[in-house]
Amino acid sequence: MVKPSLQSDVIAAVATAPGRGGIGVIRVSGQNLASFAELITGRPPKPRLASLADFLDEQQLPIDQGLLLYFPAPHSYTGEDVIELQGHGGPVVMQMLLARCLELGARLAEPGEFTRRAFLNDRLDLAQAEGVADLIDASTSAAARSALRSLSGRFSEQIHAWRDRLVDLRMLVEATLDFPEEEIDFLQAARAIPRLEALRTDLQQILRRAKQGSLLRRGLQVVLAGQPNVGKSSLLNQLSGEDRAIVTEVAGTTRDVLKEAIQIEGIPLHIIDTAGLRETDDLVERLGIARTWGEIEKADVVVRMVDAATGITAADHEIDARLPVGVPVIWVFNKIDLQGELPRREELTGGFGVWLSAQTGIGVDLLRTALLGIAGWESHDEDVFLARERHLVALREADEHMALALQFAAQLDLLAEELRLAQEAVNLITGEFGADDLLGVIFSRFCIGK
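Keep in mind that what you see is a predicted model, and the values were worked out from it rather than measured.

Student: Describe helix H1 (residues 34-41), naming the residues involved and giving the relevant values.
Tutor: Those residues of H1 that fall on the buried side of the exposure criterion are Phe36, Ala37, Ile40 and Thr41. Taken end-on, H1 shows its buried residues confined to a sector of 120°, consistent with a single buried face. As for H1, its buried residues are in contact with strand E2 (21-30), strand E3 (51-56), strand E4 (62-71), strand E5 (81-89) and helix H2 (91-103). Residue Gly42 follows H1 closely and has a positive phi angle near 85°.

This is the structure we're talking about:
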């Protein structure tokens, strides 16, 4: 992809979070910023050396005192000249320093514009740039580590290595197209089919790790659903480790959805407690039940709770008939402590069940394991990298083209086309090929100053 040319204007923004803090940072990027820094501090900056300086206004009166950092191009985050003014983190001070930068000709940076310039100046590829935002937004330590792997280029390295092998095969195929009488010899001598199969196997491994990373990034929506008084709120409290929901023996206590974010093995889970599903004339309860069905429609997993004493009843079958098709269901048989039963997991028709006590906590670990399994999480993998939905779409598309390439392996013109399309799909991940509007959407979701 020929990347769009950069504007020569200077951009500035507060790079630290809003509010009061011990330190606040103004970041500036553009061309020839040595003179810009000199106007602010009254002396020429020293490259890559932190120096104590007064930050001066137009009348040469100090606004603040702090550290000045100057990174000449191309050895900076954006690939342009970059200066950072590290002052005291009061909102008023930061706004005064930012206003001074704007007075000197800078303009306010747009969200993600610093990282976009880093991408356009080949300091980062697109997957690494997204890793910056994902590292900032990481909600668990596992997600942060995976985002850092993407930022450091591990994801991109695997994509590039796979693509380079694909390019080698494409070159052989394209060269052989000029000599159609040699097609059979090519397929045998170049071991085209084994190479295709190996490429697809490795691509599927990358896709598997990307799916794991996507799970780390977005988490899993888990909805607790069932009739009233089967222990949904008790299970929410047990999973969250605190009394988040009111628990009573009165059926219909829960009238509205209650959400709690937890993590299991570093995987963020969004547990949603809901109103008991039943026929009722109570207007408020009916509204809660309507919201319950709305949450079930959006669920990644439905935990279908029943009382172990009664098992699955006719009313439960009526509930199941309304569940969305294709959404995984885990049956939870609760209150086994009252029946003297032991915790266990058993295979059931169309799924499996977990026997536990939400009151005492016995068997809840079986549910935690089941949730990780149904999410596709195998184990903590140091090769997992945080992936976005567009990465998964691109990898799935490439995999489909590789499957067709195997199907058309004996027809070199069709084989060449499928290999080309597979390469185009993976190129979108790192930004070798991509529309400007796609870049705009990606970087617009970054925070200001990044």
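Student: Any details on the UniProt feature "binding site: Mg(2+)" (unreviewed entry) in the protein chain? Residues and values, ideally.
Tutor: Within this structure's numbering, the places UniProt gives as "binding site: Mg(2+)" (unreviewed entry) are Ser233 and Thr254. Secondary-structure assignment places Ser233 in helix H9 (residues 232-240). Take Ser233: its relative accessible area is 8%, and that puts it in the buried class.

Student: If you had to explain the packing of aromatic side chains to someone new, which residues and values would you point to?
Tutor: In this structure the tally under the stated criterion is two aromatic pairs. On the basis of an interplanar angle of 10° and a centroid distance of 4.2 Å, the ring pair of Phe333 and Trp355 is categorised as stacked. Of this pair, Phe333 sits in strand E11 (residues 329-334) while Trp355 sits in strand E13 (residues 351-355), and the two are 22 residues apart along the sequence. Put simply, the rings of Trp331, Phe333 and Trp355 touch in pairs and so form one group of aromatic residues.

Student: Can you tell me about the side chain of Arg100, naming the residues and giving the values?
Tutor: Mapped onto the fold, Arg100 is located in helix H2. Excluding its chain neighbours within four sequence positions, the residues that come into contact with Arg100 are Leu39, Leu56, Asp57, Glu58, Gln60 and Ile63.

Student: For the pattern of salt bridges, give the residues involved together with the corresponding values.
Tutor: The final tally for this structure, using the stated rule, is 20 salt bridges. Here Arg107 makes a salt bridge to Glu113, at a shortest N to O gap of 2.5 Å. Note that Lys335 is salt-bridged to Asp307, the shortest N-O span being 3.7 Å. A residue pair is termed long-range when its members are at least 10 positions apart, and Lys335 in the loop between E11 and helix H12 (336-339) and Asp307 in strand E10 (residues 301-307) qualify at 28 residues. With relative accessibility at 19%, the residue Asp307 sits in the buried group. The network of salt bridges with shared partners includes Asp9, Glu80, Arg107, Glu113 and Arg117.

The rules behind these values
- Residues numbered from 1 in each chain as written.
- Predicted model: local features only at pLDDT ≥ 70, side-chain atom pairs only at ≥ 80, totals over all residues.
- Heavy atoms only, no water.
- Buried < 20%, exposed > 50% of the residue type's maximum accessible area, 1.4 Å probe, protein only.
- Helix = DSSP H or I, 4+ residues; strand = E, 2+ residues; numbered from the N terminus.
- Arc of directions from axis to C-beta.
- Contact = heavy atoms within 4.5 Å.
- UniProt positions renumbered as here; feature names shortened; annotations may be inferred.
- Phe/Tyr/Trp six-rings, centres within 6.5 Å; stacked < 30°, edge-to-face > 60°.
- Salt bridge = Lys/Arg side-chain N within 4 Å of Asp/Glu carboxyl O.

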